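Results of the structural survey
One letter stands for each residue in the lines below.
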Amino acid sequence: LPFVGDRLANWILPPGSGPGHAINKMCFSHVYAHVEAVSSTGKGRVDRGTCHVHFQGDPGNLVTSQCVSESALSLVFNREVLPPRSLDGFGTPAQLLGKILYQRLLDNKVRQVDFHTDIIRGARRQVVESIMTGMMGFAFLCFVVNTIWAFLTQ
C-alpha cells in the first residue's frame, strides 16, 4: 500500500507544485511570545519580555524563505559585527545573528515584518501563558523566544 499512497500523492500534488501566488499572498502569521528570566535587581524579581510579530505571506513558504534568506544575507554582509562564535560552539539564529537579523527583517522592503516588543526589568513574578496564533511554525517561535532572551541577557 505505501507504493499506491506515494503514487496517489504524487499524482494529486506533484513534487514542486505548491500553493499558488494568490494563496501565498493571502496567508499571514502572528506570533506572541512571553519570556521571563530571573532578575539581578533583587530576590523574587524577574526581567520580562513580550514580543508580537506579524508576517505577511504563507508561513510554510514565503516566511520561511524570507527568514532563511535574511539570515544568509546577515552572514554575508554583516560578518564583521557578528560574534565570532557562540560560547558553547552551537547557537540559534537569534544568538548568533541577533540584532542584525532583527534589523534586516524590519528594514525589508519586499515583505514587511512588524515587531512589537516590551521589556520590563525587575518586575514581580506572575504566571503568563505563551500564545501562538495563526499558522506559524515552532521553529520561528523558538527564534522569537531566543531573540527576546538575547535582549534580556545583554
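Heads up: these notes are all about the structure in this document.

Further remarks concern the nonpolar core. In terms of nonpolar packing, the biggest core is built from 12 residues, these being Cys51, Val53, Phe55, Val63, Cys67, Leu82, Leu97, Leu101, Tyr102, Leu105, Val113 and Phe115. Of all the secondary-structure elements, those providing two or more residues to this core are strand E2 (45-56), helix H3 (59-77), helix H4 (93-107) and strand E3 (113-124). The element best represented in this core is H4, accounting for 4 residues.

The next thing to look at is the pattern of salt bridges. One pass over the full model with this rule turns up 2 salt bridges. The salt bridge partner of Glu36 is Arg48, with a shortest N-O separation of 3.1 Å. Of the two residues, Glu36 is situated in strand E1 (residues 28-38) and Arg48 in strand E2; the sequence distance between them amounts to 12 residues. Assessed through its relative accessible area of 24%, Glu36 is described here as partly exposed. Residue Arg48 is classed as buried on the basis of its relative accessible area of 9%. Here Arg104 and Glu70 are joined by a salt bridge, their closest N and O atoms 2.8 Å apart. Of this pair, Arg104 sits in helix H4 while Glu70 sits in helix H3, and the two are 34 residues apart along the sequence.

Here we come to a nonpolar patch on the surface. Together, Leu8, Trp11, Ile12 and Leu13 line one region of the surface with nonpolar side chains, adding up to about 510 Å² of accessible area. Examined against the element boundaries, Trp11 turns out to sit in helix H1 (residues 2-12).

This part takes up the side chain of Asn108. Structurally, Asn108 can be placed in the loop between H4 and E3. Owing to a relative accessible area of 10%, Asn108 belongs among the buried residues under this scheme. At 2.7 Å, the side chain of Asn108 and the backbone nitrogen of Val110 are in polar contact. In this structure Asn108 touches Gln66 and Glu70, once residues within four positions along its chain are discounted.

Moving on to the pairing of E1. Looking at chain direction, E1 and E2 are connected through 11 bridges and run antiparallel. Paired with His30 across the strands is His54, a residue of E2. Hairpin connection, E1 to E2: the antiparallel pair is bridged by 6 residues, and Gly44 has positive phi, about 80 degrees.

All told, the structure shown has 1 aromatic pair when counted by the stated rule. Taking 4.8 Å as the distance between ring centres and 65 degrees as the angle between the ring planes, the aromatic pair formed by Tyr102 and Phe115 counts as edge-to-face. With Tyr102 in helix H4 and Phe115 in strand E3, this residue pair connects regions lying 13 residues apart in the sequence. Owing to a relative accessible area of 13%, Phe115 belongs among the buried residues under this scheme.

Rules and cut-offs
- Residues numbered from 1 in each chain as written.
- Predicted model: local features only at pLDDT ≥ 70, side-chain atom pairs only at ≥ 80, totals over all residues.
- Heavy atoms only, no water.
- Core = buried A, V, L, I, M, F, W, Y, C linked by side-chain atoms within 4.5 Å.
- Buried < 20%, exposed > 50% of the residue type's maximum accessible area, 1.4 Å probe, protein only.
- Helix = DSSP H or I, 4+ residues; strand = E, 2+ residues; numbered from the N terminus.
- Salt bridge = Lys/Arg side-chain N within 4 Å of Asp/Glu carboxyl O.
- Patch = residues over 30% accessible without salt bridge, like charges linked within 9 Å, V, L, I, M, F, W, Y side chains within 5 Å.
- Areas by Shrake-Rupley, 256 points an atom, 1.4 Å probe, with all protein chains shown as cover.
- Polar contact = N/O pair within 3.5 Å; in protein donor to acceptor, adjacent residues only side chain to side chain.
- Contact = heavy atoms within 4.5 Å.
- Pairing = 2+ DSSP bridges.
- Phe/Tyr/Trp six-rings, centres within 6.5 Å; stacked < 30°, edge-to-face > 60°.

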